[in-house]
Structures are given as structure tokens and as C-alpha cells.
Amino acid sequence: MNITQLISHAKEAKGSINEVAAAMDINPIRLADWKAGRRKPDANEIAQLADIAGLPILITVADVQRAMGEEHQDIWEKAIQQEVVRLAGFEPTTPAFGGQYSIHLSYRRISMRRS
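### A short note on the nonpolar core
In this structure, I3, M24, L31, W34 and L49 are the most contacted members of the largest nonpolar core, which totals 18 residues. Secondary-structure elements contributing two or more residues to this core are α1 (3-14), α2 (17-24), α3 (28-36), α4 (43-53) and α5 (57-67). If near-sequence neighbours (up to four positions away) are discounted, M24 is found in contact with L31, W34, E45, Q48, L49 and I52.

### Re the side chain of D63
Tracing the sequence through the fold places D63 in helix α5. Judged by its relative accessible area of 15%, D63 falls in the buried class. The residues touching D63, leaving out its near neighbours within four places in the chain, are M1 and I80.

Rules of the game
Residues numbered from 1 in each chain as written. Predicted model: local features only at pLDDT ≥ 70, side-chain atom pairs only at ≥ 80, totals over all residues. Heavy atoms only, no water. Core = buried A, V, L, I, M, F, W, Y, C linked by side-chain atoms within 4.5 Å. Buried < 20%, exposed > 50% of the residue type's maximum accessible area, 1.4 Å probe, protein only. Helix = DSSP H or I, 4+ residues; strand = E, 2+ residues; numbered from the N terminus. Contact = heavy atoms within 4.5 Å.

Take a look at the structure:
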């Protein structure tokens, strides 16, 4: 996802660019500058947009940073991979398990009450 797409998602959620800017406490011109490539948002600003748009914050920040061709895009790629693995229910590799992924299952306790 690029910053233009993220701004569009936030706009859909709020109804207008002015509402997005108000929610972020910034001038709408800053959003226009980001879309035009005149300025780049920082990770906190991208996180705010993701939150407004109702998107997963960490993955969205990493994806937008990677799309902007940031100097450290390899770390953002790694963050995306780790989050996807975590969401899929796998734990990171550890030497104790021979470098293999282990499946992490969680069970919710369900209680039923009799009336």
C-alpha cells in the first residue's frame, strides 16, 4: 500500500480530507503534500492514518514505509513478515526448536451457565 491509497482509505472512513486532517490535528495541505510526494509522513503519522482507516497499524506502517522506498525498507519488510507469521499462529524460530517454527495454539475457556 502506498501513502495515496492509505489517505484514500482514511478519507473513506472519515468522509473528507478535512475530517482526516482534523482527526490528526494537522493542516489538510500536509495530506496533499504527502499525496504529491512533496513531503513524507513519519511512522507516527502513518500509524494515525492506519488507525483512522481501521487498518492493522503495524503492517500498514511497514507496508507504506516500504513503498516509499525508505533507506531501511529491509527492516520494514522483516516487520511485515514477523507480524504475518504471528497472526497466522506461528511463533518465531528459536534455537531450542532447531530453528523450526512451532505452532502456537490458544484455547479460549468457554463457560456455560445453567438457568
